[in-house]
Amino acid sequence: MSFEEVEDPYIFSTDTLPSDRRFLPPLANGLLGWRVYNNIMHMGGVYNGEGGRCHRADVPCPLAVRVESEEPGQNTYSMNTHTGIFTHTLSSASVSVTQSLYSHRHYPNMMVMEVLMVRQVTSEEPITVNLVGSFTPQSKDIVFESGPDYKGGSYINGKVSTAEYPGGSCPAVHLIWTPIPPTLMLNADQSQGRWGFVLVVANSLESAEAKYDESLDLMATGNLRPSHEKAWKELWLQSTVEVTGSDSLCKALIGSMFYLLSAFASINDTCSSFGGVSPGGLSNGGDGQDYWGHIFWDQDIWMYPAIALFYPKLARSVLEYRVGTVEGARDNAQKQGFKGLKFPWESAVSGREVCPEDIYGQQEIHINGDVTLAFQHYLYLTEDLSMFTEGKGKEVIYGVADYWVSRVSWNPEDKKYHLLGVMPPDEYYYNVNNSVYTNTVAKFSLQFAVELAELLQDPAPKEWKEVADQLKIPFDEEYQYHPEYDGYIKGQPVKQADTVMLGYPLGLEMSPEIRRNDLEAYEPVTDPDGPAMTWGMFAIGWLELGEAEKAQHLLEKCFKNIQRPFQVWSESSDGSGAVNFLTGMGGFLQAVLFGYTGFRVQKECLAFSPHLPKDISELCVRGVSYLGSQMDWLLRKDEVCIILREQGQTAGSTKPCDLQVVLKASGTKIPLTPGKPVTFPLEPGCVCKLVSMSFCWPL
């Protein structure tokens, strides 16, 4: 058996670091983010600069240290996604030195460096290694001051220099860390030695001291690293996405899920305020790079679905982030002269628009519908109404509906409502009328507002339904396809997935012929060097039509964006653009999680319609969370096996429902019993409540 066949797909190893240091692995935990060896890091919610100049504030990182030896040796670098630990092992004739780095998964204010030295030969000579660092307690965004040491730890603190908006607060940052010496020595009588270094970052001195005390206790009891590894183990138990038949695909899926999960808080974290997910994650987003660390539709449309399918609590944190920006969204709408809420195209903490260029905030208004679609999917997956009542989610849904009503214009000629002067997701075009994606997502968000109001017994303005029913959805009767906007000429170049997203994720009903026509119209004219997430949407479209091989060919285009050896994505295939491009990873994961499986989140069921390409013999998806239960799925060439997990711990806050599988063609109903596998032929169907008599297939 060759080395490649026994290689663990969860461990990315190399003996040579990438020449472009941007592709070193990020270590993040939802609050702190850092790229290995970089001398700066970031903290969630800490931005510097007003308006369009707002960006993640650079925080100096004391753990930016390399281990070096005077003696020649062999280097091995490894990112273990099982545990979220990056290691550098330096092996020489006399000593093996292993440096471990991690952002603590359970205690989000902590980052850790550990060094283990093991003597390789019997000798009475001391052995020394160098710790080479580039740390300086300075930042161009924060003026730091040194304070007195705390229990042996160095301490600095400061505030960002400029608030996000006039009158806004300037966040404070406090760092306490174990001082790192220039050398470590293994004494003559020692066969091995171990050292631990902790960095704590917090928003107040009181919090920093408390977290540092906690880190010292964890080190004293030997539980610092085990508590971190346990937290990662718990996360992976709730989600597994693995394929058999393609090692590269399997590794790409694992890497994407790992880096995406790293952008979110711990599932056990109940106190920290989640600051959203930017395209490059917390490790990136400083001044002038990786979209300044701003939050876009990328979070709600591209990253969220893969998280929501497994982790209701993490999904809810995305919605809570948007609820926390409602006042800023209201301010945006008022400044544009409209009612309700206008979520920013680029968001930081307040929800006020921070896009450096006004046109995007003014015209790329589909963001409003993108936000509400995430809320809608959450409700259908969990039936957790508390998110909409006590959690104030209904303010988002109703506020967006009010915005659409005030934003549309009535056209007496076609007797339809129009949305004028917009920019579609395809940013090659602007100031166009009736973007088909924008109008469709607006229509659906209005319909969801009506539905939610009825569910909560709230009054719903009649205009919500009226505008939804009469909003123009552009369609070309001659060519039987959806033009991207009024006046779009078939064959014009397109930047990225736009109209093809009507079928998925929006779920606009159309015949297979029209779905095919849309795919065939836009695939050849889409920029081959466009953003990484695009081809996943085309792949899902072809899988809907049963053309798995065509889908696989498109999905393989994504591999050009995966930079070896640590599976870090770049926005563009040539390595340019945003780095650790979580948007691309999210689109890629969706192509498998919603493409191969055919999963569709619907009002009364989780539909499925599996298709596997010929090279893939098995797809394993464990931990799918639906209505308070978790399911493990195994898809093979000719059959599907589902196991409903035992109800020791439910995945969400809702009480689990009794579930059944209903097969579409035959109408066969198979109850799901915890712990008992259910196997049936590879065909479309749905999972729904056992007591529900309603059917959920589109007409």
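Keep in mind it's a predicted model, so treat the numbers as computed, not measured.

Q: Which residues make up the pattern of salt bridges, and what values go with them?
A: For the structure on display, the rule yields 27 salt bridges. One salt bridge in this structure joins Lys550 and Glu547, with 3.9 Å as the shortest N-O distance. Across the pair Glu618 and Arg636 runs a salt bridge, and its minimum N-O distance is 2.9 Å. With a gap of 18 residues between them, Glu618 in strand β26 (residues 618-626) and Arg636 in strand β27 (residues 629-636) connect regions that are remote in the sequence. The class of Glu618 is partly exposed, set by a relative accessible area of 25%. Judged by its relative accessible area of 30%, Arg636 falls in the partly exposed class. One network of salt bridges, with partners in common, ties together Asp58, Lys140 and Asp141.

Q: Tell me about the sheet that holds strand β24 (residues 600-601), residues and numbers included.
A: Across the sheet, which stays open at both edges, the five strands sit in the order β24-β25-β32-β29-β30 with antiparallel pairing between neighbours. Across the chains shown, the open sheet's two edge strands, defined by having one partner strand only, are β24 and β30 (669-671). The pairing of strand β25 (residues 606-608) with strand β32 (residues 685-689) spans three bridges and is antiparallel. Looking across to β32, one finds that Ala607 is bridged to Cys686.

Q: How would you sum up the pairing of strand β8 (residues 65-68)? Please name residues and give values.
A: Side chains of β8 alternate between two faces, with Val65 and Val67 buried and Arg66 and Glu68 left unburied. Taken together, the four bridges between β8 and strand β13 (residues 127-133) define a ladder with antiparallel strand orientation. For Arg66, the partnering residue across the bridge sits in β13 and is Val132.

Q: Can you break down the confidence of the model for the chain residue by residue, with the values?
A: Mean pLDDT over the chain works out to 94, with 97% of the residues at or above the 70 mark. Below a pLDDT of 50 lies the segment residues 649-653, which in the model reaches nine contacts outside its immediate sequence neighbourhood of four places, other chains included. For the stretch residues 692-699, pLDDT sits under 50, and the model shows 14 contacts to residues farther than four places along the chain or on other chains.

Q: Kindly report on the sheet that holds strand β28 (residues 639-644), identifying the contributing residues and their values.
A: Pairing is antiparallel across the open sheet formed by five strands, whose spatial order is β19-β26-β27-β28-β31. Edge positions in the open sheet fall to β19 (240-244) and β31 (677-681), since each of these has one partner strand only. Recorded for the sheet is a direction-independent mean angle of 20 degrees between the axes of neighbouring strands. In this structure, β26 lies alongside β27, joined through eight bridges in antiparallel fashion. Each residue of the ladder has a partner; that of Ser625, found in β27, is Gln630. Strands β19, β26 and β27 of the sheet are contacted by helix α16 (residues 582-596), whose axis makes an angle of about 85 degrees with β26.

Q: Describe the environment of Phe475, with residues and values.
A: One can find Phe475 in the loop between α12 (462-470) and α13 (512-522). Sequence spacing of Phe475 and Gly351 is 124 residues, and the spatial spacing of their C-alpha atoms is 34 Å. Aside from chain neighbours lying at most four places away, what touches Phe475 is Gln480, Tyr481, His482, Pro483 and Ile514.

Q: How would you sum up unusual backbone geometry? Please name residues and give values.
A: Across the junction of Tyr504 and Pro505, the peptide omega takes the value 10 degrees, indicating a cis bond. Mapped onto the elements of the fold, Pro505 is located in the loop between α12 and α13. Cis peptide bonds are those with omega within 30 degrees of zero, and the linkage from Arg564 to Pro565 qualifies with 0 degrees. For Pro565, the position within the fold is in the loop between β22 (562-563) and β23 (568-569). Look at Asp290: it is not a glycine, yet its phi comes out positive at around 50 degrees. Note that Asp290 resides in the loop between α4 (247-262) and α5 (297-308).

Q: A description of the packing of aromatic side chains should follow, citing residues and the corresponding values.
A: By the definition in use, this model includes 34 aromatic pairs. Cation over ring: Lys490 sits above Tyr481, and NZ or CZ is 5.2 Å from the ring centre. Positioned above the aromatic ring of Trp535 is the side chain of Lys557, whose terminal nitrogen or guanidinium carbon lies 3.9 Å from the ring centre.

Q: Can you lay out the environment of Met501 for me, pointing to particular residues and giving the numbers?
A: Looking at the secondary structure, you find Met501 in the loop between α12 and α13. Sequence-wise, Met501 and Glu206 are 295 residues apart; in three dimensions their C-alpha atoms are separated by 48 Å. Ignoring anything within four residues of it in the chain, the contact list for Met501 reads Trp297, Ile301, Trp302, Tyr437, Leu506 and Met537.

Q: Please set out the pairing of strand β29 (residues 659-663) residue by residue, giving values where relevant.
A: For β29, the tally of buried residues reaches five of five residues, placing the bulk of the element in the interior. In β29, alternate side chains face the same way, and those of Leu659, Val661 and Leu663 on one face and Gln660 and Val662 on the other are all buried. Alignment of β29 against β30, held across three bridges, turns out to be antiparallel. Bridging from a neighbouring strand, Val662 pairs with Lys669 of β30. Linking two consecutive strands that pair antiparallel, namely β29 and β30, is a turn of five residues; a positive phi of about 75 degrees is found at Gly667 within it.

Parameters at a glance
Residues numbered from 1 in each chain as written. Predicted model: local features only at pLDDT ≥ 70, side-chain atom pairs only at ≥ 80, totals over all residues. Heavy atoms only, no water. Salt bridge = Lys/Arg side-chain N within 4 Å of Asp/Glu carboxyl O. Helix = DSSP H or I, 4+ residues; strand = E, 2+ residues; numbered from the N terminus. Buried < 20%, exposed > 50% of the residue type's maximum accessible area, 1.4 Å probe, protein only. Pairing = 2+ DSSP bridges. pLDDT = per-residue confidence, 0-100. Contact = heavy atoms within 4.5 Å. Axes fitted to C-alpha atoms, helices over the stretch in contact; angles between N-to-C directions. Phe/Tyr/Trp six-rings, centres within 6.5 Å; stacked < 30°, edge-to-face > 60°. Lys NZ or Arg CZ within 6 Å of the ring centre and 35° of its normal.

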